[in-house]
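Architecture and fold: a report
What follows is each chain in one-letter form.
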Amino acid sequence: MDKKVVLSLRNISKAYPGVQALDDVSIDFREGEVHCIIGENGAGKSTFIKMISGANVPDEGCIEYMSTVYSAMTPALSKELGICVVYQELNLAEDLSVAENLYLGQKKSRFFNARDFERDAQKVFDEMGVHIDCSARVEDLSVSYMQFVEIAKSISGNGRVIIFDEPTAPLTEDEVDKLLDLISDLKKKNYVIIYISHRLQELFRIGDRVTVLRDGKKIITDDMANVDQAKLIAYMVGREMSFEYPKREHALGDVVLEAKGITNSKVHNVSFQVRAGEILGIGGLVGAGRSELLRAVYGADLRDAGEIYLNGKQVRIHTPVEAVKLGIGFVTEDRKRTGLLLEDSIIQNISLAILKRISKSFVIDQKQEKEIAARQIEDLRIKTPSGDNAAKSLSGGNQQKVVLGKWLAADCKVLFMDEPTRGVDVGAKQEIYRLMNELARQGIAIVMVSSEMEELLGMSERVIVLHEGSKTGELFKEEFDQESVLTLASGISEEV
């Protein structure tokens with residue numbers, strides 16, 4: 001027996017200048033079901049969410065909710081109907097308590113006090129099976145528990161439809177398990193779950209049906225039982241794709257960068273070196289100090305101790321500006337906050353690291369700037385109608401390519417890459433891997449942090465592993481296996 005349809009999109013279309021974001025898309029969503037939405041970056045997933053949440057108005061089509069037809073949603077109407085979105089970028093008041101976040105913006109009696117909020121909030125978390133201190137400030141929680149607070153906000157109101165937008169991107173494997181178990185429980189309670197993720201293995205664990213979007217069009221909706229990973233990827237990209245990581249056959253060069261005894265409040269006496277043409281992986285659990293190690297070497301964080309050598313010569317790096325001058329680039333973990341100027345154009349973002357080189361008397365040579373940016377847009381296959389478009393107009397994968405383009409334009413000899421494929425689709429991942437492989441072939445030394453085990457082992461020649469800020473071991477290609485990495489990441493050291 002088919003489950004009840006709660007929410008439907010009917011012939012939805014939406015266009016932006018130069019882009020058809022959604023093209024005649026129709027989908028039904030049922031109670032007690034996890035409906036997965038997948039597609040490459042730029043396929044229309046973000047626009048799809050905005051249609052349902054009321055952030056955007058469709059050019060054509062309508063939305064039907066519980067048999068009532070609406071020409072468009074508004075944020076207020078969507079909230080009133082019980083449609084909630086749990087975004088990858090969390091929307092919490094971090095200086096308030098867990099309980100206060102749950103009821104922020106909801107009408108409550110003026111006689112309610114903090115204990116009343118905490119008592120009611122605790123009931124919600126008990127129902128979810130999540131153990132949490134409702135009086136704790138949100139800023140003191142782990143990212144996974146922040147996600148649970150977002151979900152609890154939906155449940156504590158009149159939420160009936162919950163949209164999850166890449167919810168597991170910042171989580172560890174254990175935290176992912178907890179979240180997926182919770183979503184399965186919500187399904188049993190007849191919530192409508194819309195789940196958006198690039199991690200295909202998660203879909204097969206919790207999904208009932210799947211819809212694939214490509215270039216704004218709905219390609220297929222089917223039961224998860226009728227598809228496999230290869231089929232989904234073929235639907236997403238329009239062609240068969242290999243799962244293999246690119247092979248590197250070039251010889252490695254001399255040591256380009258060596259860091260000795262790097263120490264601060266987050267990193268404890270860590271040393272490593274990377275050779276020309278090598279991709280060195282840094283593994284470990286969230287909070288192990290991986291990003292902090294790169295930031296300390298790069299001069300973004302203070303160092304209490306440690307020495308840095310470039311091509312065998314000791315160098316002073318106390319600020320990112322000094323690192324850039326020495327030919328070190330940094331693709332940061334959070335491209336939107338620290339990798340891009342979202343309101344500025346693609347051209348301006350690509351030229352950020354070379355402004356001095358393309359300027360005369362403090363005036364930018366705009367012709368040269370455009371030529372350099374145009375070359376990167378073409379070489380990196382950045383999908384955009386124009387380089388003059390704002391960086392915020394791009395999909396996540398194309399934004400990441402702009403960040404890469406910035407450092408390629410700067411002719412870096414060493415490139416730090418922190419979670420280089422986070423939040424990008426399988427097609428964009430393949431392109432980024434291809435680019436990394438090409439950069440290594442050209443002799444660039446790459447240091448990569450990755451939380452994805454397959455990516456870490458598939459792209460690296462060597463892996464060093466951190467635990468609570470300390471280096472617990474180093475593995476070479478012939479020694480790679482997940483168990484060894486996890487053993488070292490848990491704090492069991494192979495070093496004397």
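Below: a short report on this structure.

Conventions adopted
Sequence positions are assigned chain by chain, starting from 1 and proceeding in written order. Side-chain atom pairs in this predicted model are given and counted only at pLDDT of 80 or more, local residue features only at pLDDT of at least 70, and totals for whole chains, interfaces and linings cover all residues. The basis for every side-chain value is the complete set of heavy atoms in the structure, and neither hydrogens nor water enter the calculation. Labels follow the DSSP assignment, with helices taken as runs of H or I lasting at least four residues and strands as runs of E lasting at least two, numbered in each case from the N terminus. For the radius of gyration, the atoms used are the C-alpha atoms, and the globule rule reads 2.2 Å times the number of residues raised to 0.38. Residue burial is assigned from relative accessible area. The probe radius is 1.4 Å, only protein chains are included, and a residue is buried under 20% of its type maximum, exposed over 50%, and partly exposed in between. Throughout, a residue-residue contact means that at least one pair of heavy atoms, one from each residue, lies within 4.5 Å. Accessible surface is estimated by sampling points in the Shrake-Rupley manner with a 1.4 Å probe; for residues, cover comes only from the protein chains shown. When charges are counted, Lys and Arg are positive and Asp and Glu negative, with His and the chain ends excluded. A single reference atom marks each charge: NZ on Lys, CZ on Arg, CG on Asp, CD on Glu. When DSSP finds two or more bridges between a pair of strands, those strands are recorded as paired. Lines fitted to C-alpha atoms define the axes, with helix axes restricted to the stretch in contact, and inter-axis angles between N-to-C directions lie between 0 and 180 degrees. Salt bridge criterion: a side-chain nitrogen from Lys or Arg within 4 Å of a carboxyl oxygen from Asp or Glu. Each angle gets one of four labels, with under 35 degrees taken as roughly parallel, over 145 as roughly antiparallel, 65 to 115 as roughly perpendicular, and the rest as oblique. Polar here means any residue other than Ala, Val, Leu, Ile, Met, Phe, Trp, Tyr, Cys and Pro, which are nonpolar, and Asp, Glu, Lys and Arg, which are charged; Gly is therefore polar. Pairs of N or O atoms within 3.5 Å make up the polar contacts considered here, provided that, within protein, one atom can donate a hydrogen while the other can accept it, and that residues adjacent in sequence are counted only when both atoms are side-chain atoms.

Before going further, it helps to spend a moment on the overall build of the protein. Helices and strands together make up the secondary structure of the protein, namely 17 helices and 22 strands. Relative to its length of 496 residues, the protein is compact, with a C-alpha radius of gyration of 24 Å against a globular reference of 23 Å. The principal-axis extents of the C-alpha atoms in the protein amount to approximately 70 × 50 × 50 Å. The 496 residues of the protein split such that 53% are buried. Summarising the internal contacts of the protein: among those between residues at least 6 apart in sequence, 65% fall at separations of at least 24. With the model as given, the accessible surface of the protein reaches about 23,000 Å², and the carbon-plus-sulfur share is 47%. When the 62 positive and 77 negative side-chain charges of the protein are each reduced to one mean point, those points stand 4 Å apart.

Across the sheet, which stays open at both edges, the 4 strands sit in the order 2-1-4-5 with antiparallel pairing between neighbours. Either end of the sheet is taken by a strand with one partner, and the two such strands are strand 2 (19–30) and strand 5 (68–70). Neighbour to neighbour, the strand axes of the sheet diverge by 20 degrees on average, direction disregarded. Across 5 bridges, the pairing between strand 1 (residues 5–16) and strand 4 (residues 60–65) is antiparallel. Within the sheet, the bridge partner assigned to Ser8 lies in strand 4 and is Glu64.

This brings us to the pattern of salt bridges. What the rule picks out here adds up to 28 salt bridges. The shortest N-O distance in the salt bridge between Glu33 and Arg30 comes to 3.6 Å. Arg30 sits in the partly exposed class, given a relative accessible area of 21%. Linked through salt bridges whose partners overlap, the residues forming this network are Glu278, Arg462, Lys471 and Glu474.

Our next topic: the pairing of strand 10 (residues 217–223). Of the pairings in the sheet, the one linking strand 9 (residues 209–214) to strand 10 comprises 6 bridges and is antiparallel in character. If you follow Val210 over to strand 10, its bridge partner there is Asp222.

The subject of this paragraph is the environment of Ser46. By the element assignment, Ser46 lies in helix 1 (residues 45–53). For Ser46, a relative accessible area of 47% gives the class partly exposed. C-alpha of Ser46 to C-alpha of Asp165: the two residues are 119 residues apart in sequence and 8.6 Å apart in space.

Turning to the packing of helix 4 (residues 114–128) against helix 5 (residues 143–156), a few remarks are in order. Orientation of helix 4 relative to helix 5, taken along the N-to-C sense of each, is 105 degrees, at an axis distance of 10 Å. By the angle class used here, helix 4 and helix 5 are roughly perpendicular. Across the interface between the two elements, Val124, Phe125 and Met128 from helix 4 touch Phe148, Val149, Ile151, Ala152, Ile155 and Ser156 from helix 5. Taken together, the residues that form the contact of helix 4 with helix 5 break down as 8 nonpolar, 1 polar and no charged.

With respect to the helices, strands and loops of the structure, Gln273 is situated in strand 12 (residues 270–275). Sequence separation between Gln273 and Val256 is 17 residues; the distance between their C-alpha atoms is 7.6 Å. Not counting the four nearest positions on each side in its chain, Gln273 is found in contact with Val255, Leu257, Glu258, Glu278, Leu280 and Arg462. Here Glu258 takes part through its side chain, which lies 3.5 Å from a polar atom of the side chain of Gln273.

To continue, consider the environment of Glu378. Counting through the fold element by element, Glu378 comes out in helix 13 (residues 366–379). Using a relative accessible area of 61% as the deciding quantity, one classes Glu378 as exposed. With 376 residues separating them along the chain, Glu378 and Asp2 place their C-alpha atoms 48 Å apart.

A few words now on helix 8 (residues 229–237). For helix 8, every residue scored as buried is listed here: Leu232, Ile233, Ala234, Met236 and Val237. Tucked into the core, helix 8 has its buried residues touching strand 3 (33–38), helix 7 (200–206), strand 9 and helix 15 (426–441). N-cap assignment for helix 8: the residue whose side-chain oxygen lies 3.3 Å from the backbone N of Ala230 is Asp228. Looking one or two residues past helix 8, Gly238 carries a phi angle of roughly 80 degrees, positive in sign.

All right, on to the side chain of Ser53 then. Examined against the element boundaries, Ser53 turns out to sit in helix 1. The class for Ser53 is buried, based on a relative accessible area of 12%. Beyond its immediate sequence surroundings of up to four residues, Ser53 is in contact with Thr74, Pro75, Ser78, Val85 and Tyr87.

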